[in-house]
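Secondary and tertiary structure notes
Residues per chain, in single letters:
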Amino acid sequence: MAQTNKTPDQAADDARLEDEVAYLAKRHRISPAIVREIIRRIGSSERSAVEREIRKGMMRR
(Lines give C-alpha, C1' and ligand atoms only; values in the text may rest on other atoms or scores of the structure.)
Protein backbone atom coordinates (compact mmCIF):
# COMPACT_ATOMS: atom_id res chain seq x y z
CA MET A 1 0.00 0.00 0.00
CA ALA A 2 1.40 3.39 -0.95
CA GLN A 3 1.92 5.86 1.81
CA THR A 4 1.06 9.49 1.44
CA ASN A 5 3.02 12.15 3.23
CA LYS A 6 0.71 14.46 5.10
CA THR A 7 1.57 17.77 6.60
CA PRO A 8 0.89 18.20 10.30
CA ASP A 9 -2.08 20.44 9.44
CA GLN A 10 -3.65 17.74 7.27
CA ALA A 11 -3.08 15.12 9.97
CA ALA A 12 -4.68 17.40 12.55
CA ASP A 13 -7.69 17.99 10.27
CA ASP A 14 -8.08 14.24 9.73
CA ALA A 15 -7.90 13.61 13.48
CA ARG A 16 -10.45 16.36 14.15
CA LEU A 17 -12.79 14.92 11.53
CA GLU A 18 -12.52 11.42 12.99
CA ASP A 19 -13.25 12.80 16.48
CA GLU A 20 -16.32 14.56 15.07
CA VAL A 21 -17.46 11.37 13.32
CA ALA A 22 -17.07 9.37 16.54
CA TYR A 23 -18.98 12.00 18.53
CA LEU A 24 -21.90 12.15 16.07
CA ALA A 25 -22.07 8.36 15.77
CA LYS A 26 -22.23 7.94 19.53
CA ARG A 27 -24.70 10.79 20.04
CA HIS A 28 -27.15 9.52 17.42
CA ARG A 29 -26.46 5.81 18.02
CA ILE A 30 -25.48 5.06 14.45
CA SER A 31 -22.39 3.57 12.84
CA PRO A 32 -19.40 5.83 12.18
CA ALA A 33 -19.47 4.51 8.61
CA ILE A 34 -22.95 6.00 8.18
CA VAL A 35 -21.73 9.37 9.45
CA ARG A 36 -18.80 9.26 7.01
CA GLU A 37 -21.15 8.37 4.15
CA ILE A 38 -23.43 11.31 5.02
CA ILE A 39 -20.42 13.65 5.10
CA ARG A 40 -19.25 12.32 1.73
CA ARG A 41 -22.73 12.61 0.19
CA ILE A 42 -23.51 16.16 1.36
CA GLY A 43 -19.95 17.38 0.83
CA SER A 44 -19.71 19.11 4.19
CA SER A 45 -18.51 18.07 7.60
CA GLU A 46 -20.36 20.90 9.34
CA ARG A 47 -22.03 19.41 12.41
CA SER A 48 -25.42 21.05 11.93
CA ALA A 49 -25.67 19.92 8.30
CA VAL A 50 -24.74 16.34 9.20
CA GLU A 51 -27.22 16.26 12.10
CA ARG A 52 -29.95 17.59 9.81
CA GLU A 53 -29.30 14.73 7.36
CA ILE A 54 -29.27 12.19 10.20
CA ARG A 55 -32.67 13.48 11.39
CA LYS A 56 -34.04 13.28 7.85
CA GLY A 57 -32.90 9.67 7.61
CA MET A 58 -34.41 8.77 10.97
CA MET A 59 -37.75 10.29 9.96
CA ARG A 60 -37.84 7.92 6.97
CA ARG A 61 -37.56 4.85 9.21
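The following paragraphs examine the structure supplied in this document. All of these numbers come straight from a predicted model, not from anything done at the bench.

Here we come to the overall build of the chain. Secondary structure assignment for the chain yields 3 helices and 0 strands. Starting at the N terminus and ending at the C terminus, the chain contains elements arranged as α-α-α. The C-alpha radius of gyration of the chain comes to 13 Å, more than 25% above the 10 Å expected for a compact globule of 61 residues. Each principal axis of the C-alpha atoms in the chain carries an extent, and together these give about 40 × 20 × 20 Å. Of all 61 residues assigned to the chain, the portion counted as buried reaches 23%. The contacts of the chain with a sequence gap of at least 6 include a subset with a gap of at least 24, amounting to 31%. Here the chain has roughly 5,000 Å² of accessible surface; of this, 50% comes from carbon and sulfur atoms. Here the chain contributes 14 positively and 10 negatively charged side chains, and the mean placements of these two sets differ by 9 Å.

This next bit is on the side chain of His28. Relative to the elements of secondary structure, His28 occurs in helix H1 (residues 8-28). A residue is classified by how much of its surface remains accessible, and His28, at 16% relative accessible area, is buried.

What follows is about the environment of Lys6. Position of Lys6 among the secondary structure elements: in the segment before H1. Of the residues examined, Lys6 reaches a relative accessible area of 47% and is grouped as partly exposed. Residues Lys6 and Glu37, spaced 31 residues apart in sequence, show a C-alpha to C-alpha distance of 23 Å.

Here the focus is helix H3 (residues 47-60). Taking 1.5 Å of rise per residue, 14 residues should cover 20 Å, and H3 covers 20 Å from first to last C-alpha, within 8% of that figure. Here H3 has its buried residues at Ala49, Val50, Glu51, Glu53 and Ile54. Lining the buried residues of H3 we find H1 and helix H2 (32-42).

Val21, Leu24, Ala25, Ile30, Val35, Ile38, Ile39, Val50 and Ile54 together form the largest nonpolar core, which totals 9 residues. Taken together, the elements giving at least two residues each to this core come down to H1, H2 and H3. When residues no more than four places from it in sequence are discounted, the contact partners of Val35 are Val21, Leu24, Ala25, Ile30 and Val50.

Definitions and cut-offs
Residues numbered from 1 in each chain as written. Predicted model: local features only at pLDDT ≥ 70, side-chain atom pairs only at ≥ 80, totals over all residues. Heavy atoms only, no water. Helix = DSSP H or I, 4+ residues; strand = E, 2+ residues; numbered from the N terminus. Rg over C-alpha atoms; globule rule 2.2 N^0.38 Å. Buried < 20%, exposed > 50% of the residue type's maximum accessible area, 1.4 Å probe, protein only. Contact = heavy atoms within 4.5 Å. Areas by Shrake-Rupley, 256 points an atom, 1.4 Å probe, with all protein chains shown as cover. Lys, Arg positive; Asp, Glu negative; His and termini not counted. Charge placed at Lys NZ, Arg CZ, Asp CG, Glu CD. Expected span 1.5 Å × (residues − 1). Core = buried A, V, L, I, M, F, W, Y, C linked by side-chain atoms within 4.5 Å.

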